[in-house]
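Reading the structure
One-letter residues, chain by chain:
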Amino acid sequence: PAQRFCPAGVYEVVDGENGDPKFQINAANCVHCKTCDIKDPSQNITWVVPEGAGGPNYPNM
């Protein structure tokens, strides 16, 4: 379900080498919104603050 609720498209299912589906994580797309940590029904994703920062500082939030 992560590929459905991530607003940045971090989690994706792509075709593997032999045509089997493969789960791929595009970490560079992450906008640090924590949606994956909050919405994951089985709590398989543990979101942590990136090294050296407290995450983005979004105005108006």
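In this report, the structure presented in the accompanying data block is examined.

Thoughts on the overall build of the protein
Assigned secondary structure in the protein consists of two helices and two strands. Ordered by position from the N terminus, the helices and strands of the protein form the series α-β-β-α. Buried residues in the protein amount to 20% of all 61 residues. Long-range pairs, those at least 24 residues apart, make up 25% of the contacts in the protein with a sequence separation of at least 6.

Section: a nonpolar patch on the surface
A cluster of nonpolar side chains, contributed by V13, F23 and I25, occupies part of the molecular surface with about 300 Å² of accessible area. Tracing the backbone shows F23 in strand 2 (residues 21-25).

Calculation criteria
- Residues numbered from 1 in each chain as written.
- Predicted model: local features only at pLDDT ≥ 70, side-chain atom pairs only at ≥ 80, totals over all residues.
- Heavy atoms only, no water.
- Helix = DSSP H or I, 4+ residues; strand = E, 2+ residues; numbered from the N terminus.
- Buried < 20%, exposed > 50% of the residue type's maximum accessible area, 1.4 Å probe, protein only.
- Contact = heavy atoms within 4.5 Å.
- Patch = residues over 30% accessible without salt bridge, like charges linked within 9 Å, V, L, I, M, F, W, Y side chains within 5 Å.
- Areas by Shrake-Rupley, 256 points an atom, 1.4 Å probe, with all protein chains shown as cover.
- Salt bridge = Lys/Arg side-chain N within 4 Å of Asp/Glu carboxyl O.

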